[in-house]
Each structure stands twice: as structure tokens, then as C-alpha cells.
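As a plain string of letters, each chain reads:
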Amino acid sequence: MTVIGARPQFIKAVSVSRALAGSGAEELLVHTGQHYDEKMSAIFFDELGIPKPRYNLGIHGGSHGQMTGKMVAAIEQVLLDEEPKAVLVFGDTNSTLAAGLAAVKLHIPVIHVEAGLRSFDRGMPEEINRVVVDQISSLLFCPTKPAITNLRSEGIYGDNRLGQRVVKNGDVMLDTFEAMRPWFNHTIVGALGVEPQKYALATVHRADNTDSVNALRDVFGMLDRAADRVGTVVFPMHPRTRARLGQLGVEPPARVKMVEPLGYLDMMGALHSAALLLTDSGGMQKEALWARVPCITLRPHTEWIETVEAGFNQIVGRDRDRLERAISQLDGCDFEGTAYRDLMTGYGSGRAASIVAEETMSLLER
Ligand code: UD1
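Here's a quick rundown of the structure. The shown structure was predicted, so the numbers you read here are calculated from the model rather than taken from an experiment. (Residues numbered from 1 in each chain as written. Predicted model: local features only at pLDDT ≥ 70, side-chain atom pairs only at ≥ 80, totals over all residues. Heavy atoms only, no water.)

### A word on the sheet that holds strand 8 (residues 199–203)
The strands making up a sheet are joined through hydrogen bonds of the backbone, oriented either antiparallel or parallel. Strand order in the open sheet made by the 6 strands is 10-9-8-11-12-13, with parallel pairing throughout. Every other strand in the sheet has two partners, leaving strand 10 (256–259) and strand 13 (313–315) as the edge strands with one partner each. Strand-to-strand, the axes of this sheet are offset by a mean angle of 20°, without reference to chain direction. (Pairing = 2+ DSSP bridges. Helix = DSSP H or I, 4+ residues; strand = E, 2+ residues; numbered from the N terminus. Axes fitted to C-alpha atoms, helices over the stretch in contact; angles between N-to-C directions.)

### A short note on the packing of aromatic side chains
Under the criterion given, the structure shown has 10 aromatic pairs. For the pair Phe 177 and Trp 290, a centre-to-centre distance of 5.6 Å together with 65° between the ring planes defines the contact as edge-to-face. You can see Phe 177 sitting in helix 7 (residues 172–180) and its partner Trp 290 sitting in helix 13 (residues 282–290), a full 113 residues away along the chain. The exposure class of Phe 177 is buried, given its relative accessible area of 0%. Chaining the aromatic ring pairs together yields one cluster made of Phe 177, Phe 184, Tyr 264, Trp 290 and Tyr 347. Taking the ring centre of Trp 304 as reference, the NZ or CZ of Lys 286 above it sits at 3.8 Å. (Phe/Tyr/Trp six-rings, centres within 6.5 Å; stacked < 30°, edge-to-face > 60°. Buried < 20%, exposed > 50% of the residue type's maximum accessible area, 1.4 Å probe, protein only. Lys NZ or Arg CZ within 6 Å of the ring centre and 35° of its normal.)

### As for the side chain of Asp 171
Positionally, Asp 171 belongs in the loop between strand 7 (165–168) and helix 7. A polar atom in the side chain of Asp 171 sits 2.8 Å from the backbone nitrogen of Met 173. Engagement of the side chain of Asp 171 in a polar contact is seen with the side chain of Lys 286, the distance being 2.8 Å. For Asp 171, the contacting residues outside a window of four places in its chain are Glu 114, Pro 143, Lys 286, Trp 290, Trp 304, Tyr 347 and Ala 352. (Polar contact = N/O pair within 3.5 Å; in protein donor to acceptor, adjacent residues only side chain to side chain. Contact = heavy atoms within 4.5 Å.)

### Let's talk about unusual backbone geometry
A positive phi angle is found at Glu 114, which is not glycine, with a value near 85°. Among the structural elements, Glu 114 can be located in the loop between strand 5 (110–113) and helix 5 (125–136). Note on Glu 114: relative accessible area 10%, which makes it buried.

### Description of the site of the ligand
Taken together, 18 residues form the shell around the ligand, and within it Gln 34, His 35, Asp 37, Glu 126 and His 238 come nearest. Here an oxygen atom of the ligand and a side-chain polar atom of His 205 are 3.0 Å apart. Between the ligand and His 238, the relevant distance is 2.8 Å, taken from an oxygen atom to a side-chain nitrogen or oxygen of the residue. Surface burial for the ligand is 87%, taken as the share of its 740 Å² of free accessible area covered by protein chains. Where the shell around the ligand is concerned, the elements lending two or more residues are helix 3 (64–82) and helix 11 (239–248). Partitioned by chemical class, the residues of the shell around the ligand number 6 nonpolar, 7 polar and 5 charged. (Near = heavy atom within 4 Å. Areas by Shrake-Rupley, 256 points an atom, 1.4 Å probe, with all protein chains shown as cover. Nonpolar A, V, L, I, M, F, W, Y, C, P; charged D, E, K, R; others polar.)

### Brief notes about the pattern of salt bridges
A full pass over the atoms with the stated rule returns 26 salt bridges. One salt bridge in this structure joins Arg 255 and Asp 228, with 2.7 Å as the shortest N-O distance. Of this pair, Arg 255 sits in the loop between helix 11 and strand 10 while Asp 228 sits in helix 10 (residues 213–230), placing them 27 residues apart in sequence. For Arg 255, a relative accessible area of 33% puts it in the partly exposed group. (Salt bridge = Lys/Arg side-chain N within 4 Å of Asp/Glu carboxyl O.)

Below you can see the structure in the form of C-alpha cells.
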């Protein structure tokens, strides 16, 4: 049983569900309902061909505790009714945590795809979710080498006393990216009213960046500064950010073009022709790398440290001096060199989901 709930998980499920189907595993798909807007959920199922979930639990909103608690209870009931042999979860959302907890308490093995990532900031809800889910998982798939090292330092490694199994499989989002590349919608650039290479793309939705007037003003100030260099900043806006803008009465600068959230194919089309990405999303940091677009990360740290070490991603948080330095270094990104090729090989070259399927089959056959 695979449990998904938030936008990035739909993108990951595309390749894993396909690989599982190809390996002969029977997959029961459950949507918690965490993301529910047409543009945050349904569009991904429609355009990416994800099978319709057998259950949609319709749980969203409220505090983290309320949302997670309701999900644990509802998922537990599905587990009792359906008796799956294992539960597969992705990433670090409240849906991931809830499914992991519900399963482990019924002694059903948890499979965690995108294990071992750490920002080392326990103020982030996602960091808590990751740490807990890794501890209670039986089979852990790491996208990168630093993720394996992080797990080891927390006592999680292959065949430890708890019998946990850790596998480096690469990045299942890269599998989706490669599979969907022919359908990326490059005409979106014209539809957005911008010209290739004359705009930056931005996404900002983390609580830390959106939940106070000062943070939102800082973020918009930084986007405005980026517009000095590229002309326009296109900002497909997450519902959380849009809601906070209204509640806190913050006006975006004129050169920041706010649009509705984009589906995957439009977003990847818009990313490809952008001169720059400014983001606080985890997934977009890598998608920029794969699309050969320099990234500036509007968070004080990242789980994708290898993108920073290789010079393709600059971590600036909301610090204006760091932004200036990052902007002055943008031309230094070499997407043709060996550092880039090595980094891409590390993400598994599009085979990450098939490794998940093979390993999952051997767990199911045990
Ligand atoms: C969640 C994940 C985050 C991930 C992000 C991807 C957690 C703790 N965080 O954050 O790691 O990067 O998804 O987008 O799980 N909302 C809508 N419509 C929607 C979805 C959300 O209006 O379709 C509103 C919610 O009602 C809520 C706010 O946006 O008020 C935040 O949504 P929530 O699901 O709590 O977390 P995200 O910020 O989306």
C-alpha cells in the first residue's frame, strides 16, 4: 500500500507506481487528501497518468498535530481492512509520518523512499517527519551518498540490530523527469507573457518564509533584487503563500508576476527557459539542476548538499549579502563539465524506481 498526499509525492509516485506494476507487485494507492485543490492534486493525476487512488481520506488543514492525528486514525482503519504486506511512503510530509506511524504500530513493514535527507533544523516540521520515519522504517531508499552517511550516524545501516535495510537507489524524481521530458510544455513561456532567459522562476511556500510580515517582505525584496538582473520574476503561488499575503496585507513588487500553481508539465517547461530559479522547495532545487538552470535557495540550509558543493545551488536564506554574492556568481555554473556529469550519475540515471520495485518485491516475497 502506497500512501501519498502532497504535490511532490504525486511526482515521485509516477515512476514508482509504474515500476511496481512492471515488477508484478499489486499496489493499493491511498491519497490522504493533504493537498486537495485542482491545481495542487487532480492535475497531477490527470497529466502524469497516476492511477486513481482506491481511497481518498479527505484530510487536510488544521494544526500539524490535528492533521497528522486524523491521518493516523484513518490510515490505520484502511490497513486493518486491506491488510497490505508493506506500506510505502515518500519524503517528509505529514502524510508520510502518519502512514509510517499507523503501519509500524500494526507491525507492518514501512518502506521509505527518499530516506536519510537532513537539514539539521528541527524547527522544520519536515525534519521531524524524516527523522521519525527513518527510525521506524524497515527498508530505506537513499537518493544520495550524504543521505546514507546521515542514516549511519543515527544508527541506521544495513542489517543493524533492528534488521533495517538501507539501499542507495538514486532519485525517483529524476526518473519522472526523464520519462516526462518529451511532454514538458515549453509553450507556457509565451502564455506567461515572458521571453526565454529574461525571467526568473520562483516558488516560496515554507512556513518560515511565509508566516510573518517581515519574512514575506524580505522574500519579496529578494525577488525584486533578482528582477534587476533578469527583468521579471514569475511566481506560481502555493495556496499557503497566497493566503498569508492576504492575511498579512503584503503587496508583491510590480516585477514579480504572481500566477496560479502550475501543473508538472507547465512547471518543467517554465523552468527550462528560466535564467534562474529562486526557491525554498526541496524538489525544485534538483529539478533546476537537471534542467541546467542555476538555483538560489531561499532557506538557510538544504538537504541536497551535493548540489551546493558542486556549485550549482547557492544557499542564501533571506540574507541580502548572500543574495548579492550568489547573483555575482551565477555565470560560473558549468553544466557541461565533469562535475555536472558526476552529480547526475549519482542520482541514479533514471533507474531509481526500478531498484525500489526490485527490493520491494523481495521484501514482499520474504
Ligand atoms: C507540505 C509539506 C511540505 C511540502 C509541501 C509541498 C508538511 C509538513 N509539509 O507543505 O514538506 O514541501 O507540502 O507543496 O507536510 N492548501 C490549500 N490547498 C491545497 C493544499 C494546501 O489551500 O491543495 C493550504 C492548506 O489548507 C494549508 C496550507 O495550504 O492551509 C498548507 O498546506 P499543508 O498541507 O499544511 O502544507 P504545505 O505547506 O503544502
